[in-house]
Amino acid sequence: MLNVLLQINKPYLPLVSGELSFNNGVIIVASSFILVFWICVSLLQMAYGVAIMMGALSPFLSVKIVMNVMKIWSLKKMMMKKKMNAKNINE
């Protein structure tokens, strides 16, 4: 019934008009989702990189200390996660 409603309201869409199969539509949507996800991840990484660079270039000693402590803390946390994952996989 939903397909009939879509054909009535939007017959110009390729999936509804029959130009694309349902499987092709699923592939297009999934690949678009993956592409958008990785674009967002790369933008987030760039934002974190800019924040680290701005902190490193700051003339204030307190900002530099906080930035370095947070980098060390996050690296330790990441290493602990890897150790826990390796330990769970080996068991």
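For the record of the protein chain, the UniProt heading Sequence similarities (unreviewed entry) holds the text "Belongs to the UbiA prenyltransferase family."

**Student:** So, the overall build of the protein chain: which residues are in play, and what are the values?
**Tutor:** Scanning the protein chain from terminus to terminus reveals four helices and zero strands. The linear arrangement of helices and strands in the protein chain, starting from the amino end, is α-α-α-α. A buried classification covers 4% of the 91 residues belonging to the protein chain.

**Student:** Can you tell me about the UniProt feature "transmembrane region" (unreviewed entry) in the protein chain, naming the residues and giving the values?
**Tutor:** UniProt records the feature "transmembrane region" (unreviewed entry) at residues 21-44 and 50-73, using the numbering of this structure. Regarding residues 21-44, the helix share stands at 96% and the strand share at 0%, and the terminal C-alpha atoms are separated by 35 Å.

**Student:** Summarise the confidence of the model for the protein chain; cite the residues concerned and give the values.
**Tutor:** In this model, the protein chain carries a mean pLDDT of 78, and residues with pLDDT of at least 70 account for 81%. Across the protein chain, the secondary-structure element scoring lowest on mean pLDDT is helix α1 (residues 2-9), at 57, and the one scoring highest is helix α3 (residues 22-56), at 86.

**Student:** Which residues make up the packing of aromatic side chains, and what are the values?
**Tutor:** According to the stated counting rule, one finds one aromatic pair in the structure shown. Plain terms: the ring middles of F37 and W38 are 5.1 Å apart, the flat faces sit at 75° to each other, and that makes the pair edge-to-face. Classification of F37 as partly exposed rests on a relative accessible area of 42%.

**Student:** Explain a nonpolar patch on the surface to me, and be specific about the residues and the numbers.
**Tutor:** Together, F33, I34, F37 and W38 make up an exposed nonpolar region whose accessible area comes to about 490 Å². Inspection of the secondary structure assignment puts W38 in helix α3. Residue classification places W38 among the exposed positions, given a relative accessible area of 53%.

Conventions we followed
Residues numbered from 1 in each chain as written. Predicted model: local features only at pLDDT ≥ 70, side-chain atom pairs only at ≥ 80, totals over all residues. Heavy atoms only, no water. UniProt positions renumbered as here; feature names shortened; annotations may be inferred. Helix = DSSP H or I, 4+ residues; strand = E, 2+ residues; numbered from the N terminus. Buried < 20%, exposed > 50% of the residue type's maximum accessible area, 1.4 Å probe, protein only. pLDDT = per-residue confidence, 0-100. Phe/Tyr/Trp six-rings, centres within 6.5 Å; stacked < 30°, edge-to-face > 60°. Patch = residues over 30% accessible without salt bridge, like charges linked within 9 Å, V, L, I, M, F, W, Y side chains within 5 Å. Areas by Shrake-Rupley, 256 points an atom, 1.4 Å probe, with all protein chains shown as cover. Salt bridge = Lys/Arg side-chain N within 4 Å of Asp/Glu carboxyl O.

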